[in-house]
Amino acid sequence: MTTHSLLAALPRPSRFLLAATALSLACGAALAQEKTLRIAMTAGDIPRTSGQPDQGFEGNRFTGIPMYDGLTQWDLSSATKSSVVIPDLAVSGAVDEKDKTKWIFKLRPGVKFHDGSAFNADAVVWNVNKVLDKEAAQFDPAQIGVTASRMPTLRTARKVDDLTVELVTSEPDSFLPINLTNLFMASPTHWAKKLAAVPASVTDKAERSKQAWAAFAADSSGTGPFKQDKFVARERLEMVKNPEYWDAKRRPKIDRVVLLPLPEASSRTAALMSGQVDWIEAPSPDALDTIKGRGFKLYQNLQPHIWPWQFSLLPDSPFKDKKVRQAANLCLNRTALKELLGGLMVEATGIAESGDPWRGNPTFQIKYDVPAAQKLMTEAGYSAAKPVKVKVQTSASGSGQMQPLPMNEYIQQSLKDCYFDVQFDVVEWNTLFSSWRLGAKDPGAHGAHATNVSAATMDPFFAMVRFVSTKAQPPVSNNWGYYSDPTTDAIVEKARTTFDEKQRDIALAQLQARIVDEAPFLFVAHDVGPRAMSAKVKGVVQPKSWFIDIATMSMD
C-alpha cells in the first residue's frame with residue numbers, strides 16, 4: 001500500500017497527526033534556525049487568503065490581521081482594557097459635518113504591499129470596488145458575503161488625492177470606522193499580474209476575475225506584518241515575517257507561522273501534548289488539568305462575544321411566540337453548563353452584562369426558573385404530553401463555537417424539562433456561517449427554527465444592529481430569523497445617527513434592554529477565548545477581544 005493510500009484509509013485526525021509528523025521531520029532541518037510557531041485552529045480548512053477571510057472571525061484572526069491591514073484596526077495591546085478601534089492604514093478619519101453620509105480618510109504615507117507596490121488612495125478605491133462594484137474587473141462574489149454584510153451602508157469610494165479618500169454611505173452611519181476594520185487591503189498591482197496570466201482563451205469577465213483571485217490566494221500580497229509563503233488547501237498555511245512592516249512596534253520576532261486546521265478538540269489537544277503544535281484554540285475542557293500539569297500555559301479573558309441560538313420568527317416557527325422564546329431562556333441552567341466546560345465561559349443574561357454601558361434596564365430577567373418557564377409554555381399551548389418540536393442548525397466546530405456538540409446536547413436535555421423536543425441539524429462550520437446571512441427562509445437552513453452561530457459583540461453593529469434591524473434582514477446582514485419590530489428599528493436609527501459617544505451609549509442601552517425583553521435569542525454564554533500554548537511562546541497578550549496579535553509575540 002502506498003503512503004498516500006495509507007493516509008487516505010485513516011480517519012481524518014490520524015491523517016493529520018501523521019501528516020504533521022511527516023511535515024515536522026521533513027522540514028526540521030530546514031527550519032532548525034527559524035523560530036517557528038505552529039497553531040492548530042478550530043476551522044476545518046485554511047481561511048481564505050485573498051484578503052477577505054472566510055471561516056468566521058477565526059479567519060480574520062489568523063489570515064486577515066497577520067497578512068493584511070485595514071483603514072482602521074482593533075487595539076490588541078492590553079489584557080485589562082477594552083479593545084478599541086485605532087488608526088491603521090488611515091491615520092485619521094472624520095465625517096463631513098454638512099453631509100454625514102460622507103467621510104474623509106487621510107492615508108498613511110510610505111506603506112508598501114508585500115510585492116513592493118505602493119499603498120495609496122487608488123488601492124483603497126480598488127479594494128472597496130472588489131466587493132461593491134459588480135462592473136469592476138476585480139469584483140469577487142466570493143468575498144462579498146464576509147465583507148458587505150459587515151459594512152452594509154458603505155456605497156462608494158473616491159480618490160481625492162494620493163493620500164486622501166472619500167467614502168460615502170447610504171445614510172448617516174457613526175459605525176463606519178468600526179466596520180472598516182473588516183475591509184482588508186490587497187495589492188491591486190499584484191492582482192493585475194495574476195489577471196494578466198489568465199489564458200486569453202478565457203474570455204468571460206467573471207471567470208477571468210475568479211481565476212485571478214484563485215491565483216492571488218495561492219500567492220497573496222497585503223501590507224501586514226506577515227507574508228504568505230506556502231499554502232496547501234485543507235492542510236496548512238505558512239507565513240513568514242515581513243521585516244519591512246511599516247509599524248516598527250509590530251515587526252515580528254517570530255520567523256514563521258504555520259496554521260493547521262484541526263476542528264476536533266480532542267485531536268487539537270493531542271497535537272499539543274505530543275509537541276506537534278505550539279498553540280491550540282479551544283482545548284478540551286476535560287483535559288485542562290493535564291494540559292496545565294504538563295507545563296503548557298492556558299490563556300483566557302472575557303471576550304465581547306455571545307454564544308446563542310438565534311431564533312427564527314417566521315410564521316412556521318414555534319419561536320415566533322415570545323412566551324416560547326422567554327421560556328427557553330428560563331429553562332437553561334447556565335451554571336451547570338459552565339461546570340461542564342471547566343469554568344471556561346461566562347453565563348449570558350443578554351448581549352451586554354451588568355456594568356457595561358450598553359446593559360440598560362431590561363424588564364425580562366434571564367435566570368434559571370423552570371416553574372416560570374413551564375407556566376409560559378403552558379400558556380403557549382404546550383405540555384409534557386404535547387411538547388414543541390424544534391430544529392436547531394449547528395456545527396461540530398468553528399470560530400468561536402466553543403464546544404458546540406456537548407453544549408448543545410446539554411441544552412437539549414435541559415429544555416426537555418420545559419416541554420421542548422430539540423433536534424439538531426449538524427453542518428460544516430463554513431456552510432453554517434455562510435448560510436447565516438441567507439436566513440431562515442433559505443433552503444440551506446433545512447427548515448431550522450434556530451441557528452447556533454456564535455457572534456462577536458465588540459461594537460454596536462456587530463453586537464446588536466445586524467441581528468434586529470429590519471434593514472439587516474437577509475441577504476443584507478445577519479438578521480437570520482427575520483426579527484422586525486418598529487420600536488427596535490427606531491432605537492437603531494437613533495443610535496446609528498448619533499455621533500456623540502455618550503448619547504449613543506444611552507440609545508444602545510435602550511436597544512440592549514429591548515432585545516433582552518423581546519428575546520430573539522437563547523442567550524447561553526460569553527466565551528473567554530481559551531487557548532493553550534507552549535511555554536516557549538512569549539509576549540502573549542490575551543486581549544478582551546475576539547482577536548489576538550501574533551506579531552508582538554516571540555519564541556525561545
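Scroll up a little and you will see the structure.
These numbers come from a predicted model, not from an experiment.

Regarding the overall build of the chain
Counting secondary structure elements, the chain contains 17 helices and 22 strands. Against the 2.2 N^0.38 benchmark of 24 Å for 556 residues, the chain shows a C-alpha radius of gyration of 24 Å, consistent with a compact globule. For the chain, the C-alpha atoms occupy an extent of roughly 65 × 65 × 50 Å along the three principal directions. Expressed as a percentage of the 556 residues in the chain, the buried residues total 59%. Put simply, 70% of the contacts in the chain that link residues at least 6 apart link residues at least 24 apart. Taking the average location of the 64 positive side-chain charges in the chain and that of its 60 negative ones, the two points are 1 Å from each other.

Some points on the state of the cysteines
One pass over the full model with this rule turns up one disulfide. Note that cysteine 331 is cross-linked by a disulfide to cysteine 418, the S-S spacing being 2.0 Å. As the torsion about the S-S bond is roughly 90°, the cysteine 331-cysteine 418 disulfide counts as right-handed. A residue pair is termed long-range when its members are at least 10 positions apart, and cysteine 331 in the loop between helix H10 (322-330) and helix H11 (334-340) and cysteine 418 in the loop between helix H13 (404-415) and strand E16 (420-427) qualify at 87 residues. For the residue pair cysteine 331 and cysteine 418, the accessibility class agrees, reading buried in each case.

Points about the sheet that holds strand E7 (residues 164-169)
Spatially, E4-E5-E7-E6 is the arrangement adopted by the four strands of the open sheet, whose pairing is antiparallel. Either end of the sheet is taken by a strand with one partner, and the two such strands are strand E4 (90-95) and strand E6 (154-161). Sheet twist, expressed as the average angle between the axes of neighbouring strands with direction ignored, equals 20°. The sheet strands contacting helix H4 (residues 121-132) are strand E5 (102-107), E6 and E7, and the helix crosses E6 at an angle near 165°.

Examining the environment of alanine 287
In this fold, alanine 287 is placed in the loop between strand E11 (279-281) and helix H9 (288-293). Assessed through its relative accessible area of 11%, alanine 287 is described here as buried. Taking the C-alpha atoms as reference, alanine 287 lies 24 Å from isoleucine 306; in sequence the two are 19 residues apart.

Quick word on helix H17 (residues 501-518)
Between its first and last C-alpha, H17 extends 25 Å over 18 residues, near the 26 Å set by a 1.5 Å rise per residue. Every buried residue belonging to H17 is among Arg504, Asp505, Ala507, Leu508, Ala509, Leu511, Gln512, Ala513, Ile515, Val516, Asp517 and Glu518, and all of these are buried. Those residues of H17 that are buried lie in contact with H10, helix H15 (460-468), helix H16 (486-496) and strand E19 (521-526). The N-cap residue of H17 is aspartate 500: its side-chain oxygen and the backbone nitrogen of lysine 502 are 3.3 Å apart.

Re the side chain of aspartate 140
Here aspartate 140 is to be found in the loop between H4 and E6. Arginine 48 provides the closest opposite charge to the buried, unpaired aspartate 140, separated from it by 5.6 Å. Not counting residues up to four positions away in its chain, the partners in contact with aspartate 140 are Lys130 and Trp213.

Looking at the pattern of salt bridges
Enumeration according to the criterion identifies 31 salt bridges in this entry. A salt bridge links lysine 159 to aspartate 162; the nearest nitrogen and oxygen atoms lie 3.0 Å apart. For lysine 159, a relative accessible area of 33% corresponds to the partly exposed category. A salt bridge links glutamate 379 to lysine 375; its shortest N-O distance comes to 2.6 Å. Within this pair, glutamate 379 and its partner lysine 375 are both found in helix H12 (residues 370-379), separated by four residues, close to a single helical turn. The partly exposed category is assigned to glutamate 379, whose relative accessible area is 40%.

A look at the packing of H15 against H17
One can describe the packing of H15 onto H17 by two numbers: an axis separation of 11 Å at closest approach and a directional angle of 50°. Taken together, the axes of H15 and H17 are oblique relative to one another. For the element pair H15 and H17, the recorded crossing hand is left-handed. Two secondary-structure elements touch here, H15 through Pro460, Met464, Val465 and Val468 and H17 through Leu508, Leu511, Gln512 and Ile515.

Examining the side chain of aspartate 54
With respect to the helices and strands, aspartate 54 occurs in the loop between strand E1 (36-41) and helix H3 (57-64). Here aspartate 54 is buried and forms no salt bridge, its nearest opposite-charge partner arginine 48 lying at an N-O distance of 4.0 Å. A distance of 2.7 Å separates a polar atom in the side chain of aspartate 54 from the backbone nitrogen of arginine 48. Beyond its immediate chain neighbours, meaning those up to four positions away, aspartate 54 contacts Ile46, Pro47, Arg48, Gly59, Val146 and Asn430.

Side note on the packing of aromatic side chains
By the definition in use, this model includes 22 aromatic pairs. Considering the side-chain rings of tyrosine 68 and phenylalanine 184, the 6.4 Å spacing of their centres and the 50° angle between planes classify their relative orientation as tilted. Taken together, the residues span a long stretch of sequence, with tyrosine 68 in the loop between H3 and strand E2 (72-74) and phenylalanine 184 in the loop between helix H5 (176-179) and helix H6 (188-196) at a distance of 116 residues. Ring geometry for phenylalanine 521 versus phenylalanine 523: centroids 5.5 Å apart, planes at 55°, classification tilted. On the accessibility criterion, phenylalanine 521 (2% relative accessible area) is buried. Using a relative accessible area of 0% as the deciding quantity, one classes phenylalanine 523 as buried. An aromatic cluster of at least three residues, connected via ring pairs, comprises Trp429, Phe433, Trp436, Phe467, Phe521 and Phe523.

Each value, and the rule that gives it
- Residues numbered from 1 in each chain as written.
- Predicted model: local features only at pLDDT ≥ 70, side-chain atom pairs only at ≥ 80, totals over all residues.
- Heavy atoms only, no water.
- Helix = DSSP H or I, 4+ residues; strand = E, 2+ residues; numbered from the N terminus.
- Rg over C-alpha atoms; globule rule 2.2 N^0.38 Å.
- Buried < 20%, exposed > 50% of the residue type's maximum accessible area, 1.4 Å probe, protein only.
- Contact = heavy atoms within 4.5 Å.
- Lys, Arg positive; Asp, Glu negative; His and termini not counted.
- Charge placed at Lys NZ, Arg CZ, Asp CG, Glu CD.
- Disulfide = S-S within 2.5 Å.
- Pairing = 2+ DSSP bridges.
- Axes fitted to C-alpha atoms, helices over the stretch in contact; angles between N-to-C directions.
- Expected span 1.5 Å × (residues − 1).
- Polar contact = N/O pair within 3.5 Å; in protein donor to acceptor, adjacent residues only side chain to side chain.
- Salt bridge = Lys/Arg side-chain N within 4 Å of Asp/Glu carboxyl O.
- Parallel < 35°, antiparallel > 145°, perpendicular 65-115°, else oblique.
- Left-handed = near helix turned anticlockwise from the far one by under 90°.
- Phe/Tyr/Trp six-rings, centres within 6.5 Å; stacked < 30°, edge-to-face > 60°.

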